[in-house]
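Coordinate analysis (summary)
Given next are the chains, with one letter for each unit.
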Amino acid sequence: MSDHSSTSSSRPTSDLASVEILDPSDDRDRLRIAALRDDSAVQVTDTLAAQRISLSEVVPAPDDHHLRDSRWVFYPWRSTLVHLLGPSGFRRLRLDRNQNKITLAEDAVLRSRRVGVVGLSVGHCVAHTIAIEGLAGTLRLADFDEIDLSNLNRVPATVFDIGVNKAVVAARRIAEIDPYLTVEIMPVGIDETTAAQFLDGLDLVAEECDSFDAKVLIRDRARAAGIPVIMETSDGGVLDVERFDLSPDRPLFHGLLGDIDAAGLTGLTAGEKVPLALALLDPTRVTSRMAASALEVGATLATWPQLGGDVALGGASCAAAVRRLGLGLPLPSGRVRIDIEAALDRVYDPLDDLPTTPPPTPATPATPDLAAIFDRLPDDEAVAFAASRAPSAHNGQPWSIGIDGDGIDARIRETAPPRTTDLARRMSAVALGALAHNMEVAASARGRLGRTTIHDDGMRVRHEMGTGADGRAHDIGLVLRRATSRLPGDGSPLHPAEIEALTAADARVHLLTDRARLETCSALLGDGARIRHLTPALHAEMTEARRRPGSADPDTGVDIESLGVPVAARGMLDLVSRPDAMAHLEAWGAGSVLGAPTAGAARSSSALVAISVEDWGRESFVRGGMATEAVWLCATALGLAVSPAVPPSLYAANDDERQQISPAHAHTLGVIDRGVRQSFGLDDDAAVAVILRVFRNPTPVPVSRRRPPLA
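Here's a quick rundown of the structure.

Basis of the calculations
Residues numbered from 1 in each chain as written. Predicted model: local features only at pLDDT ≥ 70, side-chain atom pairs only at ≥ 80, totals over all residues. Heavy atoms only, no water. Helix = DSSP H or I, 4+ residues; strand = E, 2+ residues; numbered from the N terminus. Rg over C-alpha atoms; globule rule 2.2 N^0.38 Å. Buried < 20%, exposed > 50% of the residue type's maximum accessible area, 1.4 Å probe, protein only. Contact = heavy atoms within 4.5 Å. Lys, Arg positive; Asp, Glu negative; His and termini not counted. Charge placed at Lys NZ, Arg CZ, Asp CG, Glu CD. Pairing = 2+ DSSP bridges. Axes fitted to C-alpha atoms, helices over the stretch in contact; angles between N-to-C directions. Salt bridge = Lys/Arg side-chain N within 4 Å of Asp/Glu carboxyl O. Expected span 1.5 Å × (residues − 1). 1 Å grid on protein atoms, 1.4 Å probe; cavity = no way out; pocket = protein on both sides within 12 Å on 5 of 7 lines; lining within 4 Å. Points joined across faces, edges and corners; volume = space filled by probe spheres on them. Nonpolar A, V, L, I, M, F, W, Y, C, P; charged D, E, K, R; others polar.

Here's the deal with the overall build of the protein
Looking only at helices and strands, one finds 26 helices and 22 strands in the protein. Relative to the 2.2 N^0.38 estimate, which gives 27 Å for 711 residues, the radius of gyration of the protein is 36 Å and therefore markedly larger than a compact globule would have. Projected onto its principal axes, the C-alpha coordinates of the protein cover approximately 105 × 65 × 50 Å. The buried share among the 711 residues of the protein stands at 48%. Pairs at least 24 apart in sequence give 70% of the contacts found in the protein among residues at least 6 apart. Of the charged side chains in the protein, 73 are positive and 96 negative; the average position of the first set lies 4 Å away from that of the second.

A few points about the sheet that holds strand S5 (residues 80-85)
The strand order across the open sheet formed by 4 strands is S2-S4-S5-S3, and the pairing between neighbours is mixed. Strands with a single pairing partner mark the edges of an open sheet, and in this sheet they are strand S2 (20-22) and strand S3 (43-46). Here the average twist between neighbouring strands, direction ignored, is 20°. Relative to S5, strand S4 (residues 70-75) runs antiparallel, the two sharing 6 bridges. From the neighbouring strand, Val 73 faces S5, where its bridge partner is Val 82. On top of the sheet, helix H1 (residues 27-38) reaches S2, S3, S4 and S5; it is set at about 115° to S2, its chief contact. In the packing of helix H4 (residues 87-94) onto the sheet, the strands contacted are S4 and S5, and the crossing angle to S5 comes to about 80°.

Overview of the environment of Ala 393
As for its position among the elements, Ala 393 is in the loop between helix H15 (379-387) and strand S13 (399-403). Each C-alpha atom of the pair Ala 393 and Ile 338 lies 47 Å from the other, and the pair is 55 residues apart in sequence.

Things to note about the pairing of strand S15 (residues 449-455)
Where S15 lies against strand S16 (residues 460-468), 6 bridges are found, and the strand directions are antiparallel. Bridge pairing in S16 places Ile 454 opposite Val 461. Here S15 folds back onto S16, and the loop between the two strands holds 4 residues, one of which, Asp 456, carries a positive phi near 50°.

So, the pattern of salt bridges
On inspection of all chains with the given rule, the structure shows 42 salt bridges. Between Arg 335 and Asp 240 there is a salt bridge whose closest N-O contact spans 2.8 Å. Pair noted here: Arg 335 is in strand S12 (residues 334-337) and Asp 240 is in strand S11 (residues 238-242), with a separation of 95 residues, a long-range link. On the basis of relative accessibility, which here comes to 2%, the residue Asp 240 falls in the buried class. Put simply, Glu 629 and Arg 482 hold a salt bridge, and the shortest N to O gap is 3.8 Å. One end of the pair, Glu 629, is in helix H24 (residues 618-637); the other, Arg 482, is in the loop between helix H17 (476-481) and helix H18 (496-504), and 147 residues separate them in sequence. In this structure, Glu 629 and Arg 482 share a single accessibility class: buried. The network of salt bridges with shared partners includes Asp 404, Asp 409, Arg 411, Asp 456, Arg 460, Arg 462 and Glu 464.

Overview of helix H12 (residues 308-327)
The terminal C-alpha atoms of H12, which comprises 20 residues, lie 29 Å apart, in line with the 28 Å expected from a rise of 1.5 Å per residue. Burial in H12 covers these residues: Val 311, Leu 313, Gly 314, Gly 315, Ser 317, Cys 318, Ala 319, Ala 321, Val 322, Leu 325 and Gly 326. Just downstream of H12, Gly 328 is the residue with a positive phi angle, here 70°.

Regarding empty space enclosed by the protein
To find leftover empty space, a probe the size of one water molecule is rolled over the atoms. Summed over the entire model, instances satisfying the criterion amount to 2 cavities of 30 Å³ or more. Taken as a whole, the largest cavity holds about 60 Å³ of empty space. Around the largest cavity, the lining residues are Arg 91, Arg 92, Leu 95, Asp 96, Asn 98, Gln 99, Ile 102, Thr 103, Leu 104 and Asp 107. Secondary-structure elements contributing two or more residues to the lining of the largest cavity are H4 and helix H5 (104-110). Among the residues making up the lining of the largest cavity, the classes are represented as 3 nonpolar, 3 polar and 4 charged. Volume-wise, the second largest cavity comes out at about 30 Å³.

That is the geometry; function is a separate question.
Here it is, written out as structure tokens:
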């Protein structure tokens with residue numbers, strides 16, 4: 001027979017908080033269910049159908065067993081029979097809104113914890129909050145006292161509970177929240193004869209009893225057993241944590257009372273214990289009303305004052321401590337004050353921070369006339385200026401440009417460490433190649449086209465100024481107005497003439513226009529963006545490159561205005577910029593939404609373009625950069641928008657290099673890299689200079705700002 005109770009007690013039946021949990025698949029339980037349903041004195045509540053609908057909607061979806069499994073639960077003190085989901089489905093649905101403050105994996109850890117609560121006045125809120133958050137699988141409650149009307153200013157009981165043992169009242173309330181949670185009741189005081197039984201098998205104790213002797217005894221025995229103890233003092237939000245599991249020789253009460261133990265209280269009168277209790281409270285730091293009230297106890301006051309709000313706060317702070325301890329998160333021994341009254345003294349009026357007069361509207365920076373600048377510069381400076389308009393990852397401009405009497409040198413700057421994704425400076429080499437192409441276009445436009453050469457194993461390019469020109473002279477206008485559009489496209493297909501023009505630029509240009517393969521590739525690019533967010537080094541580089549209004553370095557990086565994020569959605573950009581939030585997503589194996597914008601943008605493209613290179617040498621990537629700029633300018637001439645769509649490990653030649661980029665995601669990066677290449681019909685290990693989105697969106701975008709080319 002599966003019939004069982006979730007609580008146990010040695011009290012008379014009238015004080016029991018036990019429920020009957022009945023399995024309709026068990027023959028004897030079915031008879032009991034039928035008998036209860038036929039009993040006119042028993043109220044029946046059956047909302048199982050609605051519960052099943054709600055359970056079917058949780059994410060991740062539960063299996064069919066959770067949906068089918070059910071129990072009938074009989075609450076004798078209410079004379080009510082309730083139809084509920086089975087234990088697993090019930091917990092999954094009841095605690096669904098805990099995610100991801102508490103993950104499913106963490107929930108599995110917490111449900112194995114056994115927590116004891118001594119003293120069920122303040123402790124009632126502690127036990128209730130632990131239960132409601134699902135922070136333990138077993139609660140053991142101990143209190144000898146019964147509910148009195150005077151308790152109802154702080155204990156969330158009712159007038160129907162007057163005269164009922166406090167542990168029973170708390171257990172009943174918990175059973176009405178979760179009948180499957182095991183609650184063990186000890187309706188007795190904690191003394192030398194009961195302490196061992198109470199502590200047996202516990203992982204943690206929340207001590208909230210009034211008796212000073214019991215406080216000392218519980219700690220003395222918990223220290224011997226290596227059990228941590230927490231206590232919330234319902235004045236000024238004081239929370240004490242004593243990690244006897246980590247420090248078995250730690251003095252009780254943090255040594256505030258000296259080296260006291262249970263034996264040290266023997267023979268002391270009640271009056272002699274008062275100074276010890278005051279020392280524990282720290283009279284210099286209790287709230288002013290408590291300090292004044294302490295002097296009135298026994299005169300105008302019968303006992304210490306306590307407020308319901310303070311007690312509720314104690315439940316919250318103790319639950320937070322239980323959660324940390326249960327999950328093995330850092331929580332040292334010590335004391336902290338969470339004083340709401342003091343916090344309210346610090347309320348400020350946001351209106352005080354507003355200026356008395358509206359600030360002047362900042363003038364929108366004028367878009368520079370790049371063509372006019374180019375026209376008025378001397379030939380060599382004009383070529384350098386056009387060269388600096390080349391695209392680079394995150395607008396990092398990883399080059400330095402110099403002019404001498406015969407030509408123009410540009411080299412990859414080595415003064416700063418490369419980005420994590422810039423393996424062997426291949427990514428920088430692509431930018432250097434784009435710069436070299438611009439040098440040739442500008443030199444041709446001035447009739448000074450000469451010879452471009454690659455030096456220092458792809459770290460430097462040089463253009464010797466000559467006297468020639470070619471058909472690219474007309475592209476100078478494209479160089480000066482080329483821009484990166486991060487907006488979505490309309491997904492319309494390219495015309496045959498557009499495809500022919502884009503692929504004519506270089507034999508290594510590969511267009512992906514098939515919608516099914518483009519969809520697959522887009523999903524892979526989105527997964528790469530997810531990994532970029534979840535890898536600390538990549539995330540830091542990405543967020544550091546974003547430029548907001550008033551940035552100290554506006555001539556590099558990516559202006560957030562160019563990201564295409566509506567003003568109303570900028571808060572989401574702030575969220576995904578937080579490394580602490582990304583760390584949680586990484587730990588949870590979550591974060592799929594992080595790749596959605598990249599995947600969606602790729603899907604909206606008319607085509608994706610890959611430009612492959614001959615080998616993994618840096619010189620090949622310089623040539624790939626020259627081809628990249630040629631294709632970009634061609635697309636600009638066709639009225640198409642362009643933006644890079646580069647996965648994090650595009651420049652990784654092997655798994656070892658992917659490991660350098662993202663140790664935790666190296667395998668997935670390999671899957672992404674191979675899948676992207678296969679989408680374009682390339683070999684799995686093909687070297688690729690860049691992947692571009694090409695799409696239609698007539699919305700104009702500003703050209704990126706640049707450092708002075710010769711700075």
